[in-house]
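Okay, here's what each chain looks like letter by letter:
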Amino acid sequence: MTTKSRASLICVLLLVAVLVVGGCGGGSATDGKAKYPERPIEGIVGWGAGGGTDVFARAIAKPAGEILGQPVAVKNMPGSSGAIAGDYVTQQPADGYTLWFMGSNYAVNVALGRTPHKLDQYIPVARIQHDTAMLQVTKTSKFKTIDDIIAYAKANPGKLKVGGTGAASFDEVVVALWEDAAGIKVNYVPYENGGQMQAALLGGHLDVMFEELGPVAGRVADGSLIPVLAFSEKKLEKFPNLPVAPDKGWNITLGNWRGVMVKKGTDPAVVKKLEETFTKAKDTPTYKKVEKDTYLDLRAGYLNGKDYGAAIQKDIDIYKKALTKLGYIK
Amino acid sequence: MDSFLAALLHIIQPSNLAAVLGGALLGMLSGATPGVSGTMMVVLLIPLTYTLEPDTAFLLLISVYCSAVFSGSISAILFRTPGAPEAVATTLDGYELTKQGKPHEALGISVYSSALGGLLGGAALILVAPQLAKIALAFGPPEYFGMAIMGLSVVTTLGAKNMVKAFLAALLGLFLATVGIDPMAGIPRFTFGLPSLMSGIDFIPVLIGLFAISEILRQVMEDTSVKVKLGKIRTSLPSFAMQKRLMPTILGGSALGTVIGILPGIGATTAAMVSYSEAVRWSKTPEKFGTGHPEGVAAPESSNNAAANGAMVPLLALGIPGSATTAVMLGAFILHGLKPGPLLFTEQAEFINTIFLGTMIANAIILLVAPFFIRGFANIIRIPYPILGPVILVLCIVGSYAIRNNMMDVWLTLGFGVLGYILEKYHFPLSPIILGIVLGGLAEQEFRRSLIMSEGDYAIFLNSPIAAVLLGVSLLSFIAPIAVNIYKKRKANVAAPGA
């Protein structure tokens, strides 16, 4: 090949690269206020496919799209506990065509300063679900009840191995609050994903695991995993004998919640329409079935936009306090 | 046995056979295209399976999964562009064979080893799945750490030619694995305040950059008089003599792949890398690896398909996903009203056997269909490079963007492309970088988790027999090549004093 043709090949390659790179980063254009929605809507999920938030988003996006008359397409943008997705949402036009399917991790991120986007940069549309966190042991564990666990932890400070997902995470915060309330000290062992942690508990490498019911429903049903405490306000209908935190005098009822937000500045009429849509969508049989199959119906989760915003702010404050105490916020 | 026969009758129903065949073809397409992973294809298909019977639905998903794991190697071998992360180890020797004008040989070995690995893995599932799942639970943090270190220790063998460069490359890989929010302490490391680096450097942009983009650069800058004299591309299966020669490697790779696949939380990519390392370690001619050695293709290819099957075991028997794709499948199980766990084995034995048989049939289909598929695909290599190069570049960029819909990944891909080009120019081996980045995170996390559990007592690594043996073997194989090197130098010095 001659120098000239090599030079032109390099030019072509560069041109292609520039074009493709430009194409990837492009946003969507908007026009004036026509009737909403007149084109498909994008629903952003800050986690990978198959995770809890992804399953939630896909389950609610379908009926919501049917109600709106335009499909809601779920797009995964995993990274930084959802912070990248939250950032993306603020960079899109505030036109209601970009929804953010998000959860408690947003509050943790705000508390930790992992995201620059405060709550006032979004408008909460609705909270859809409120999961119930539990402490679980195996069938063969030496602990049968929460009282056994407390007695052991009091006698052996720092020895009880409690598994949770992530460090400086929702799980660690709740475990820390529980330690405070119960007057114990445990050895919190962070795992990167729930699967690894469940295997570690079953293999006897952990004493107790902090986990919701949905991911381990099969093992709870066959009796090889036993929940010993639920962090819930009221007794759970499906588990009438399971103690809840307030029974023991611990006022910890935090759970992972999930809902929808849009960017600040979205037309109030559009927000209202979305709020109505998701309020309806959560009661459709399609969504109800998913909720039931994944045990997200243990307690009521729905909040309207206004209450949702207040609930998020309340959690941010709780997390901030707990994470400061844990030494993550200086 | 009854449930086994029933399962067989189940599978040969037209709708189920169609699902397996269709799934295998879809999986092959998605695996062969860089940036479209098998995981993505499974996610896209799940909503479509709602209306299907559960067994048809899962036969479809599983065939996609198995064949995508295989077909990532096609573009890895032909264009040095791993179509799926599982194929990364295959690029090391596969592409070298292509450069020598023998792509059909590499592809043939890949098809043969993948299918055999998948079949052996499938047989292991049917025979001993629940028992194996229980054994896997014995693996705790110290054991996982031992396994990761064992994989890493092979760096001294891989880098026999130039130990210092191999170490530097491995350290670069280990360093890249530390970027992002520290998973054990929640503190950002080496993110330079960039939010997109907080979740760490994804493994795929590094891979596509180091291998594919750097190769495009190399061809444009240097190798302009393109090259490979190709005859007719036929994927002949390896000759009988070659099959016989590869058999020990394939058996070893399949066994290792099955075991690693069963370990919860570790997927086919790690299996392929560790299996490649072990093939190098036990080979009589380790220096041939990386130069187009058939064993270098057979080991990872048999292993990743076996691991794909193995990952089904913790999923079905314990309800614990062993890889990204099986995590997605767990969601699908729940949505279909099935609860994975020991009960599933006793109450739905027929369903389980249908799935296990399905994985075997999907792998058999690879053997039957892949040659035709490859023949079509492989002719792409005849397209003149000035056209082919930009097309590959487009696919690489789109592919790296598509993983997480994140621009940062595109910049990383391009950056690592330039880095890979420079490193190869100065004869740095790339395989230790991959070793470091694949195993680094595992090693670090499990090391620190062990110490959290033991409250800082290092004896935890020696108290576990499995961990102690793994670490002992690693230490030996780490030191041996260095010792041999020093010994040889001494001898040379003694033989030629004053030289």
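Just so it is clear, the structure is predicted and the values come from calculations on it, not from any experiment. (Residues numbered from 1 in each chain as written. Chains lettered and ligands numbered in written order. Predicted model: local features only at pLDDT ≥ 70, side-chain atom pairs only at ≥ 80, totals over all residues. Heavy atoms only, no water.)

**Topic: the overall build of chain A**
Note the cut-off: Numbered from the N terminus, helices here are DSSP runs of H or I no shorter than four residues, and strands are runs of E no shorter than two. Each residue is placed in one exposure class: buried if its accessible area under a 1.4 Å probe, protein chains only, is under 20% of its type's maximum, exposed if it is over 50%, and partly exposed if it falls in between. When checking whether two residues touch, look at their non-hydrogen atoms; a contact exists if any pair is within 4.5 Å. Every accessible area reported is derived by Shrake-Rupley at a probe size of 1.4 Å, with residue values counting cover from the shown protein chains alone. When charges are tallied, Lys and Arg are placed among the positive residues and Asp and Glu among the negative ones, while His and the ends of the chain are skipped. By convention, the charge on Lys lies at NZ, on Arg at CZ, on Asp at CG and on Glu at CD.
Per the secondary structure count, chain A includes eleven helices and eleven strands. Taken along the three principal axes of its C-alpha coordinates, chain A extends 75 × 55 × 40 Å. In chain A, which comprises 330 residues, the share counted as buried stands at 58%. Restricting the contact set of chain A to residue pairs at least 6 apart, pairs at least 24 apart contribute 76%. Carbon and sulfur atoms form 56% of the exposed surface of chain A, whose accessible area is close to 13500 Å². Here chain A contributes 40 positively and 33 negatively charged side chains, and the mean placements of these two sets differ by 3 Å.

**Some points on the layout of surface pockets**
Any empty space left between the atoms is revealed when a probe the size of a water molecule rolls over them. Residues and elements named next belong to chain B. Operational definition: For each structure, a 1 Å grid was placed over the protein atoms alone; sets of points admitting a 1.4 Å probe that cannot get out are labelled cavities, open sets with protein on both sides within 12 Å along at least five of seven lines are labelled pockets, and lining residues have an atom within 4 Å of a point. Grid points are joined across faces, edges and corners, and a volume is the space filled by probe spheres set on the points.
Approximately 1000 Å³ is the volume attributed to the second largest pocket. Taken together, 36 residues line the second largest pocket, and the ones lying closest to its centre are Leu158, Lys161, Phe289, Gly290 and Pro429. The set of elements that each furnish at least two residues to the lining of the second largest pocket consists of α5 (88-99), α8 (155-158), α10 (203-221), α19 (407-425) and α22 (465-495). Considering every element that reaches the lining of the second largest pocket, the biggest residue donor is α5, with five residues.

**Quick notes on the sheet that holds strand β1 (residues 41-45) of chain A**
Residue and element names in this part refer to chain A. Cut-off, in case you're wondering: Two strands are said to pair when DSSP picks up at least two bridges between them. Simply put, an axis is a line fit to the C-alpha atoms, just over the touching stretch for a helix, and the angle between two N-to-C directions goes from 0 to 180 degrees.
Taken in spatial order, the six strands make up an open sheet running β2-β1-β3-β10-β4-β11, and their pairing is mixed. Of all the strands in the sheet, the pair left with one neighbour each is β2 (72-76) and β11 (303-304). Looking at chain direction, strand β3 (residues 98-103) and strand β10 (residues 257-263) are connected through four bridges and run antiparallel. When the sheet's bridge partners are listed, Gly103 is paired in β10 with Arg258. Where helix α2 (residues 52-68) meets the sheet, it contacts β1, β2, β3, β4 (122-130) and β10, and its direction lies at approximately 160° from that of β2.

**Quick look at the interface of chain A and chain B**
Rules: Put simply, buried area is the surface a 1.4 Å probe can reach on two separate parts but cannot reach once they are joined, added for both. We count a salt bridge whenever a side-chain nitrogen from Lys or Arg sits within 4 Å of a carboxyl oxygen from Asp or Glu. Throughout this entry, Asp, Glu, Lys and Arg are counted as charged residues, while Ala, Val, Leu, Ile, Met, Phe, Trp, Tyr, Cys and Pro are counted as nonpolar. The remaining residues, Gly among them, count as polar.
Residue-level contacts link 54 residues of chain A with 54 residues of chain B. Of the roughly 4600 Å² buried between chain A and chain B on both sides combined, carbon and sulfur atoms contribute 68%. Here chain A is connected to chain B by one salt bridge. Ionic pairing is found between A:Lys159 and B:Glu455, a salt bridge with its closest N-O pair at 3.4 Å. Counting residues per element, the ones that place at least two in the side of chain A that touches chain B are α1 (3-25), β2, β7 (187-191), α7 (194-202), α8 (217-221) and α10 (285-293) of chain A. The element that contributes the greatest number of residues to the side of chain A that touches chain B is α1(A), accounting for eleven residues. Of the residues belonging to the side of chain A that touches chain B, the class tally is 28 nonpolar, 15 polar and eleven charged.

**Section: the confidence of the model for chain B**
Residues and elements named next belong to chain B. Heads up, the condition is: The pLDDT score gives, residue by residue, the confidence of the prediction method on a 0 to 100 scale.
On average, residues of chain B score 84 in pLDDT, and 95% of them reach the 70 mark or higher. Ranking the helices and strands of chain B by mean pLDDT puts α19 first, with 93, and helix α16 (residues 342-347) last, with 73. We note a pTM of 0.81 for the whole complex and an ipTM of 0.79 for its interfaces.

**Here we look at the sheet that holds β7(A)**
Adjacent strands of a sheet form backbone hydrogen bonds with each other and so pair up, either parallel or antiparallel. All names here are of chain A. Spatial ordering of the open sheet is given by β7-β6-β8-β5-β9, a layout of five strands whose pairing is mixed. The sheet is open, and its two borders are formed by β7 and β9 (225-230), each paired with just one other strand. On average, adjacent strands in this sheet sit at an angle of 35° to one another, irrespective of strand direction. Where strand β5 (residues 133-138) meets strand β8 (residues 208-212), four bridges bridge the pair, whose relative direction is antiparallel. Each bridged residue has a counterpart across the sheet, and for Ala133 the counterpart in β8 is Glu212. Sheet strands in contact with α7 are β5, β6 (161-165), β7, β8 and β9, and its direction is about 145° off that of β8.

**As for the pairing of β6(A)**
Residues and elements named next belong to chain A. Definition in use: Note on handedness: a crossover is taken as right-handed if, strands pointing away from the viewer, the path from the first strand over the helix to the second is clockwise.
Inspection of the sheet shows β6 paired to β7 by five bridges, in the parallel sense. Looking at β7, one finds that Gly164 is bridged to Pro190. Once the chain exits β6 it traverses helix α6 (residues 170-182) before rejoining the sheet at β7, and the crossover so formed is right-handed. With two bridges connecting them, β6 and β8 associate as parallel partners.

**Section: the pattern of salt bridges**
Residues and elements named next belong to chain A. A full pass over the atoms with the stated rule returns 26 salt bridges over all chains. Between Lys75 and Glu42 there is a salt bridge, and its shortest N-O distance comes to 3.5 Å. One end of the pair, Lys75, is in strand β2; the other, Glu42, is in strand β1, with 33 residues separating them in the sequence. Judged by its relative accessible area of 23%, Glu42 falls in the partly exposed class.

**Points about the nonpolar core**
Inclusion rule: Grouping buried Ala, Val, Leu, Ile, Met, Phe, Trp, Tyr and Cys residues that are joined through side-chain atoms within 4.5 Å yields what is termed a nonpolar core.
One finds B:Phe58, B:Met312, B:Leu316, B:Ile355 and B:Ile434 to be the most contacted residues of the largest nonpolar core, which totals 169 residues. Those residues in contact with B:Ile434 that sit more than four places away from it in its chain are B:Val88, B:Phe203, B:Leu207, B:Leu210, B:Phe211 and B:Met273. Within the second largest apolar cluster, 52 residues are counted, among which are A:Ile150, A:Ala153, A:Tyr188 and A:Met261.

**So, empty space enclosed by the protein**
Applying the stated criterion across every chain, the model contains three cavities of 30 Å³ or more. Its boundaries defined by the atoms lining it, the largest cavity holds a volume of some 130 Å³. The wall of the largest cavity is formed by 16 residues, among which A:Tyr191, A:Gln196, B:Phe139, B:Tyr144 and B:Glu446 lie closest to the centre. Elements with a minimum of two residues in the lining of the largest cavity: α7 of chain A together with α7 (141-153) and α20 (431-453) of chain B. Here the residues of the lining of the largest cavity are counted per class, giving ten nonpolar, four polar and two charged. Estimated volume of the second largest cavity: approximately 60 Å³. If you list the elements that add at least two residues to the lining of the second largest cavity, you get β3 and α4 (105-112) of chain A.

**Some details on the packing of aromatic side chains**
Heads up, the rule is: Stacked, tilted and edge-to-face are the three classes applied to pairs of Phe, Tyr and Trp rings, where Trp contributes its six-membered ring and a pair requires centres within 6.5 Å; stacked means planes under 30 degrees apart, edge-to-face means over 60, and tilted covers the rest. Note on geometry: a ring has a charge over it if NZ (lysine) or CZ (arginine) is within 6 Å of the ring centre and within 35 degrees of the ring normal.
With the rule as written, the count across this model stands at 23 aromatic pairs over all chains. An angle of 85° between the planes, with centres 6.3 Å apart, marks the rings of A:Phe170 and A:Tyr319 as edge-to-face. Taken as a pair, A:Phe170 in helix α6 and A:Tyr319 in helix α11 (residues 305-326) lie far apart in primary sequence, 149 residues in all. For A:Phe170, a relative accessible area of 2% corresponds to the buried category. Residues B:Phe58 and B:Phe351 carry aromatic rings whose centres are separated by 6.0 Å and whose planes lie at 85° to one another, so their mutual orientation is edge-to-face. Linking B:Phe58 in helix α4 (residues 54-79) with B:Phe351 in helix α17 (residues 349-378), this pair joins segments that are 293 residues apart in sequence. On the accessibility criterion, B:Phe351 (8% relative accessible area) is buried. Among the aromatic residues, those joined into a ring-pair cluster are A:Phe170, A:Phe210, A:Phe231 and A:Tyr319. One cation-aromatic arrangement involves A:Arg39 over A:Tyr97; the distance from NZ or CZ to the ring centre is 3.8 Å.

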